[in-house]
Structures are given as C-alpha cells and as structure tokens.
Amino acid sequence: MTSNQAASPSIDGAAVLNEVEAFHRRFNVFPREAAYVAVTLWDAHAHLIDCFETTPRVAFLSPEPGSGKSRALEIVELLTPRPVATVSASANALYRLVDSAEGLPTVLFDEVDTIFGPRAGADEALRGFLNAGYRRIGGALRCVGEGSNQNAQVFDSYCAVAMAGLGSLPNTVLTRAVIIRMRKRAPNEKVEPYRQRTHEKQGHALRDQLAKWADTVRDRVANAWPEMPEGVTDRPADVWEPLLAVADAAGGDWPKRARAACLELISAAHDNDESSIGIRLLTDLRDKVFCGADRMPTAAIIECLLRVDDGPWGDLDDKPINSRTLGRLLGQYVTHANKPIKSRGIRTPSGFPKGYYAEDLADAWARYCPPPPGESATSATSATPQVSGGESVADSATAIRHTSAETATQPVLAG
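Residues numbered from 1 in each chain as written. Predicted model: local features only at pLDDT ≥ 70, side-chain atom pairs only at ≥ 80, totals over all residues. Heavy atoms only, no water.

Chemist: I'd love a proper account of the pairing of strand β6 (residues 160-166), names of residues and values included.
Modeler: When you tally the buried positions in β6, you get six out of seven residues, the bulk of the element. Across five bridges, strand β1 (residues 57-62) lies against β6 in parallel orientation. Bridge pairing in β6 links F60 to A164. One ladder, built from four bridges, connects strand β3 (residues 106-109) with β6; its direction is parallel. Counted as the bridge partner of F109 is M163 from β6. (Buried < 20%, exposed > 50% of the residue type's maximum accessible area, 1.4 Å probe, protein only. Helix = DSSP H or I, 4+ residues; strand = E, 2+ residues; numbered from the N terminus. Pairing = 2+ DSSP bridges.)

So this is what it looks like as structure tokens:
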C-alpha cells in the first residue's frame, strides 16, 4: 500500500464521481444520460491510465458548429491530469510529449476532423499516433541523432486522448472511442455560463479529489477484470473495460449505471456507423428481404431493399443501390466454403434470372449480424411496383417462397 493509499482510506469514490458528473452538467448538455456517465468515468480513468492495457478515446462529434464540443473538452481539461490542449500538433511532438519524464499527458484535440479530411495526407503519422496510442504496446520507431550518427528508438504513444470535431471520423478511430454525438442546445436546455477565472479553480479542486481517490484504488483497479454486459466483446469490450473497472472501484450505483451506459452507447454507435453498411445490408437481407426464402432474384432483392423504411438503399453515393453495388458489397463476405458471395442462376416460375441463395449468405448472417428479432420482420416484398412483363417483383418473390421446397435447388447458370 502506498503512502497516499494509507493517508486517504475513507474517500468515497461514488461521491467523488457524483461531484464530477454534476460539474459537467453545469456547463455541458450531452445528448443522452449515458454520456454523462461515460465522460465522468473517462475523466477518472485518466488518473488511473497506468493500470490499464487500453485507454479508450472519447470523441465529441457533431454535424454543425456550435454544439458544445469545445466546451466539453474545456471541462475535461480541468478534471484530467497533465492536460495538453491543441488544434494542431505534429506526431513527433506528441511522441516526445508522451515519452517525457513528467508523466503521461491527457491530450485534448479540438477540430480533429481536419486531420482526416481529403487534403490531410500529410497527417498520416498523426493518425497513426491516435490509433497506436490506444493500446499500451503501441509506439513508433524513429531514428534519432545527428548526421550519420543515427540510432533507432521506440517512442511510446500510449496516453489518454479526448477529441472534438465535425462530422465523423475513420472507423479505425471510432472503434477505439466512446462516441458522444453532440447537438445544438434547444431553447429549453440551459447551462451555466463558463468563466475560466472562477470555474478553473473549482474544476482543479475536483481533479485533485479524483487523483487522491485514484491513489486509494490503484492496486485494486490494476488487478480488476470487470464483468462485461452480455454481448459486449472484442473491441467494444477493450474500450469499456477501463471505464467499468473505475465504476466498480467507485461503488454505489456507478457499476449499474456504467453497464447501462455501455450498452446504450455501443448501440448508438452502431446506429450511426456508416462503415457497417455491409452489416446493415446483410441484416436487411435476412430480416426484411429473404424472410425464410431459400433464394431471391437480384431484381427482387433490390426492389425490396428500396422499400425498407429508413433504409439507406435509395441513396448510396447519391444513387440507389443497383445489382453492381449489391454484388460489390456482398462480395466482401464469404460463403461457408470460404468463397466470395456471388450471384448465381436461380430457377423461378418465369425463367432463370441471376440471384442469391440463402445458403450462401448463412455464414455471413451468423458471423456479422445481430440476433434476429423476436418476431419475424414483415416482409418488404409487399406492395412493390410492377416490373417488366407485368409481373411484380413481389409476385416472383412470393412464388419462390411457395415453390422453393418443390423445385430443384441446384443453381442454373445463366447463359
């Protein structure tokens, strides 16, 4: 036990976190209650970062300026250890900052979207810093010295990073982050005006309380393996493990609130994850197109997808999904035989169009899609418009469902 632990055995961690949360609420309007929980735990985890294998990023994102992102970073800055706020930095400077003898910094990066824009090619090393520093083993190999007297040296990049920016960020960053999607305050959403001269001292007093409490639980947190909510595995588990460990150490209602926030924010991230368009496609095919059928013509699939309520299929890169886009997206996944999913000839009552078989999609459905809904989704094949020959896509799809058990299942290749 350290001297700090011996000196402060009676600090109520839950009470300290409650005060930190209340401080955020004075100046920040977050889009959901779970965000207050997550950000409070993130502030505390920065004081215990040496206890963890990973340090989740926290990303305050919004579609428009004036949504409170920068203010959120300012409040985080008051509550975290050795904060370094920046809107522009080189990767080399950040590597040296992390490697300094003063201790790990908390990097607060505003306007981070500028790093990932279409003209940000020179910032590739900075993107590497943000990604590599998420895990303790991350780092960069650099040559140091003068002239021909150069030596290879590994620079650490592991440190806590909070970001704020417009729009979204690359998937490699988002999957390492707790994502808080900010929005403009409504007229009835009020916050206290922030005055640095007054509130900085209050924030620093809370920061010092967090630091003292962190010292009393450091050994416990370092050896903790928090129980994850059901279904939280892989990268999301890596992101949330430090925050749940902090909540468990604090006690009170924080363990329960933390796990509820974990599930809510992970679900919200999936809802907004543009990079998972392939998973959305697979899920819609399973639940809203095939609906138990063993095969579907490509034309029927496309028309059904365009009928999915709130689906993205009518506007992919400014045009509706077509057979080529469908084939490209599905070709990223493989069948149970480990071959890319491709369209095949299908036997229907009216001919032999190209289409897709459920057996080819089954392996991808099992691996990538969320569990099926409790009740079968209503088929999107109802009330579809007419296609060539006076036969509707819905008629073809329905006929396939009724006759699939009676017809041959071998593919017939179109000529």
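Chemist: Help me get a handle on the pairing of strand β10 (residues 354-357), residues and values and all.
Modeler: Where strand β8 (residues 295-297) meets β10, three bridges bridge the pair, whose relative direction is antiparallel. Residue M296 lies in a different strand from β10, and its bridge partner there is Y356.

Chemist: Which residues make up the packing of helix α3 (residues 33-46) against helix α9 (residues 234-250), and what are the values?
Modeler: Each packed pair of helices is defined by two parameters, the angle between the axes and the distance between the axes. At a minimum axis distance of 9 Å, the contact between α3 and α9 shows a crossing angle of 90 degrees. The orientation of α3 relative to α9 falls into the category roughly perpendicular. Between α3 and α9, the residues in contact are A38, L41, W42, A44 and H45 and W240, P242, L243, V246 and A247, respectively. Partitioning the contact of α3 with α9 into residue classes produces nine nonpolar, one polar and no charged. (Axes fitted to C-alpha atoms, helices over the stretch in contact; angles between N-to-C directions. Parallel < 35°, antiparallel > 145°, perpendicular 65-115°, else oblique. Contact = heavy atoms within 4.5 Å. Nonpolar A, V, L, I, M, F, W, Y, C, P; charged D, E, K, R; others polar.)

Chemist: I'd like a rundown of the nonpolar core, residues and numbers included.
Modeler: Ranked by internal contacts, the top residues of the largest apolar core, which has 63 residues, are F30, L41, F60, I180 and W240. Every residue in contact with I180, bar those within four places of it in the chain, is listed here: F30, P31, A35, V39, V58, A59, F60, L61 and L265. With 27 residues, the next largest nonpolar core counts L282, C304, L305 and I321 among its residues. (Core = buried A, V, L, I, M, F, W, Y, C linked by side-chain atoms within 4.5 Å.)

Chemist: How would you summarise the pattern of salt bridges if you had to cite specific residues and measurements?
Modeler: Under the definition given, this model contains 17 salt bridges. Among the ionic pairs, R367 bridges to D363, the shortest N-O distance being 2.7 Å. Of the two residues, R367 and D363 both sit in helix α14 (residues 358-368), four residues apart, roughly one turn of that helix. Assessed through its relative accessible area of 61%, R367 is described here as exposed. By sharing partners, the salt bridges in this structure join E21, R25, E33 and R257 into a single network. (Salt bridge = Lys/Arg side-chain N within 4 Å of Asp/Glu carboxyl O.)

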